[in-house]
Amino acid sequence: MAFRKGLSRSRSPWQLLVTVLVVDAALALTIRLDALARFSRGDRSLSTVLAVAGLGWSAVVLVVACGMGRSLTRTRRRLHHDDQVIAAAAATSSDWLWEADTHHRITYSSNGVRDLLGYVPEDLIGRSTLELLTPEYMGEAERLMVHSLAAKSGWNRVEFSWRHADGSAVTLQGTSAPITDANGTIVGFRGTRRPLTTSMVEERAVAAAKSRVTAVLDDHRIDIALQPIVDAGTGRAVGAEALARFRDGRGPDQWFRDARDSGLALDLDRLAFNTALQLLPTMPEHTYLSINASPDLITDGLSVPALLAHDVPLHRLVIEITEHVQISDYTRLHDVLAPLREHGARLAIDDTGAGYASLSHVLQLRPDIIKIDRSLIATISTDPARRSLVTAIVLLALDLGASVTAEGIETATEQETLTTLGVDNLQGYLLGRPTIDRQQWTRWWTRDWQHRIAQQGASNSGAQTARP
Ligand code: G
Ligand code: MN
């Protein structure tokens, strides 16, 4: 394998040399044995003495050659062992071990590249590393090569985005060391590339989320969509729910999760609330605006004195508390809300019926409005148990002096069933989808939904669905 090429090549000349030396010494010993015999018979002539000295020298050569041979054998064994260790590491490592020349051409690739990028290692030999990068990283890789050649060093934990064979992008972290020739000139680099660990990915995701949320907070880059809420009896809009929308098209749930993950939940909640609140004065006198608020926003994020001091028509404001969130301190929530409610603001419990805490929220907070979650509405026409639950909520609301709004109404049949069960207000795609289009808002305030619903009901009589 290429990681080991240099070492394997150097073996044979040494072997040859040792063999030559051993044969040479053995021959010299054999040829000069007669001189030894002459010497032992008492011949001390110069030629005999020299021949015997040469014999001694040949013996020294033989011993040295044997020593070299032994050490060579030991080295070969060690190299063979190292070879196997490296081969095993390359074969079993989930990292991608690689070598490339200074022109980015791949000269070796381990099996790790199969899992990481979906390529066959042999197919990569001779290809340029640059081709495997996503386009935005090609320039960076070229700059890194120039810099590493100048600094005569490799690189450490550099992250690039690579093109997987299936077309997706994969971030790998790479570390390398230079490969030098006999003169010390860098002829390439070898190293490893590995995927980011889960915690690194998470860390990065949080950092990205934080920078996205911070940008929205800095520029107030949030839009408010309104969705009409219609009186089931008169068919007229009585108000609208404000829903945060973001300009990158990602859903509000994702954005609020980003904000939670990056510790900015309260800030984003506050921005959404205050942006929505600005719409209230633009709406007709007879309508209210229902704004979602987390319990934390109410207790720690809203400036109640500011709400009381400014010209906020609190009698036209509804604060919706989601049912999904655990409320740790009902008393505090109650206390913070009290002055606002005294000045006319109403409290709605959102998503009632969707989770465990619904009735306890309702009982503890005594809302003015109970909003029934759309999960209860979806099969209301066919599920008697759900109808009973809605009836129970309607009765509870009667006792509490609250009104009931059904959310997520999508069909005329659902609307008819809910009206029959005594629900006061209706909200859902059937009446109107959430929109940021102000012209549509204006049309809602004068629209007669009764007429429209009746028409749809007639044209769908017997049908279960009439999705707009
Ligand atoms: O829980 P809350 O009321 O805040 O949820 C409002 C969400 O429900 C919004 O994102 C809105 O787009 C969505 N929504 C409103 N009406 C309907 C509907 O009729 N059907 C469905 N599937 N979603 C709705
Ligand atoms: Mn809501």
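Cut-offs and rules
- Residues numbered from 1 in each chain as written.
- Chains lettered and ligands numbered in written order.
- Predicted model: local features only at pLDDT ≥ 70, side-chain atom pairs only at ≥ 80, totals over all residues.
- Heavy atoms only, no water.
- Helix = DSSP H or I, 4+ residues; strand = E, 2+ residues; numbered from the N terminus.
- Buried < 20%, exposed > 50% of the residue type's maximum accessible area, 1.4 Å probe, protein only.
- Areas by Shrake-Rupley, 256 points an atom, 1.4 Å probe, with all protein chains shown as cover.
- Lys, Arg positive; Asp, Glu negative; His and termini not counted.
- Charge placed at Lys NZ, Arg CZ, Asp CG, Glu CD.
- Patch = residues over 30% accessible without salt bridge, like charges linked within 9 Å, V, L, I, M, F, W, Y side chains within 5 Å.
- Salt bridge = Lys/Arg side-chain N within 4 Å of Asp/Glu carboxyl O.
- Expected span 1.5 Å × (residues − 1).
- Pairing = 2+ DSSP bridges.
- Donors = N, O, S within 2.8 Å, 3.2 Å for Na, K, Ca; no water.
- Tetrahedral: all angles 85-135°; square planar, octahedral: opposite > 155°, others 65-115°.
- Arc of directions from axis to C-beta.
- Contact = heavy atoms within 4.5 Å.

Student: Help me understand the overall build of the chain, please; the structure alone is not making it clear to me.
Tutor: Helix and strand content of the chain: 19 helices and 13 strands. Counting only C-alpha atoms and orienting by the principal axes, one finds that the chain spans roughly 140 × 55 × 40 Å. Counting the 468 residues in the chain, one finds 42% classified as buried. Summed over its atoms, the accessible surface of the chain is roughly 24500 Å², and 55% of this surface lies on carbon and sulfur atoms. Averaged over its 49 positive side-chain charges, the chain has a centre that lies 13 Å from the centre of its 53 negative ones.

Student: Could you clarify how one ought to interpret unusual backbone geometry in this entry?
Tutor: For residues that are not glycine, phi is negative in most cases, and the peptide bond is trans in most cases. If you check the backbone angles, His220 has positive phi at about 50° while not being a glycine. Take His220: its relative accessible area is 52%, and that puts it in the exposed class. Its identity is not glycine, yet Asp351 carries a phi of approximately 55°, on the positive side. Topologically, Asp351 is positioned in strand E10 (residues 346–352).

Student: Please clarify how a nonpolar patch on the surface should be interpreted in this entry.
Tutor: A cluster of nonpolar side chains, contributed by Val23, Leu27 and Ile31, occupies part of the molecular surface with about 300 Å² of accessible area. Note that Ile31 resides in helix H2 (residues 11–31). Overall, Ile31 belongs to the exposed group, its relative accessible area being 61%.

Student: I would appreciate a short explanation of the pattern of salt bridges in the present structure.
Tutor: A side chain of one charge can pair with a side chain of the opposite charge if their charged atoms are brought near each other. Counted by the stated rule, this structure contains 21 salt bridges. With its nearest N and O atoms 2.9 Å apart, the salt bridge here joins Asp300 to Arg332. Here Arg332 lies in helix H13 (residues 330–342) and Asp300 lies in helix H11 (residues 295–301), a separation of 32 residues in the sequence. The class of Asp300 is partly exposed, set by a relative accessible area of 47%. According to the relative accessible area criterion, Arg332 is partly exposed, its value standing at 36%. Where Asp368 meets Arg341, a salt bridge forms, and the shortest distance between an N and an O atom there is 3.3 Å.

Student: Quick question: what am I supposed to make of helix H10 (residues 265–277) here?
Tutor: Residues that lie three or four places apart on an α-helix share one face, since the helix turns once every 3.6 residues. Between its first and last C-alpha atoms H10 spans 18 Å; for 13 residues at 1.5 Å apiece the expected length is 18 Å, and the two agree. Of all the positions in H10, only Leu268, Asp269, Leu271, Ala272, Phe273, Thr275, Ala276 and Leu277 are classed as buried.

Student: Explanation requested: the pairing of strand E8 (residues 288–293) in the structure shown.
Tutor: For a regular strand, side-chain orientation follows a simple rule: the groups alternate between the two sheet faces. Within E8, five of the six residues are buried, which leaves it mostly tucked inside the rest of the structure. Bridge count between strand E7 (residues 237–245) and E8: four bridges; the pairing is parallel. Directly across from Ala242, in E8, lies its bridge partner Ile291. As paired elements, E8 and strand E9 (residues 317–321) share five bridges and run parallel to each other. Bridged to Leu289 within E9 is Leu317.

Student: When you look at the coordination of the manganese ion (ligand 2) in this model, what are you seeing that I'm missing?
Tutor: Any two of four tetrahedral donors ideally make an angle of 109.5 degrees at the metal, while pairs among six octahedral donors ideally make 90 or 180 degrees. Here the manganese ion (ligand 2) is held by the protein donor atoms Glu241 (OE), Asn292 (OD1), Glu320 (OE) and Asp350 (OD), which lie 2.1 to 2.4 Å from it. Here the manganese ion (ligand 2) is ringed by six donor atoms whose angles at the metal span 58 to 175°, and the overall shape comes out irregular. Motif for the manganese ion (ligand 2), donor spacing along one chain: E-x50-N-x27-E-x29-D. On the criterion of sequence distance, the pair formed by Glu241 in strand E7 and Asp350 in strand E10 is long-range, its members being 109 residues apart. Residue classification places Glu241 among the buried residues on the basis of a relative accessible area of 4%.

Student: Is there a simple way to think about helix H7 (residues 135–151) in this case?
Tutor: In a regular helix each residue adds 1.5 Å, so 17 residues correspond to 24 Å; H7 covers 25 Å between its end C-alpha atoms and thus fits that length. Here H7 has its buried residues at Ala141, Leu144, Met145 and Ser148. Down the axis of H7, the smallest arc covering the buried residues is 105°, so these residues share one side. Facing away from the buried surface of H7 by more than 90 degrees, the exposed residues are Glu136, Arg143, Val146, His147 and Ala150. Those residues of H7 that are buried are in contact with strand E1 (96–101), strand E3 (158–163) and strand E5 (186–195). Lys152, located one to two residues past H7, shows a positive phi value of around 55°.

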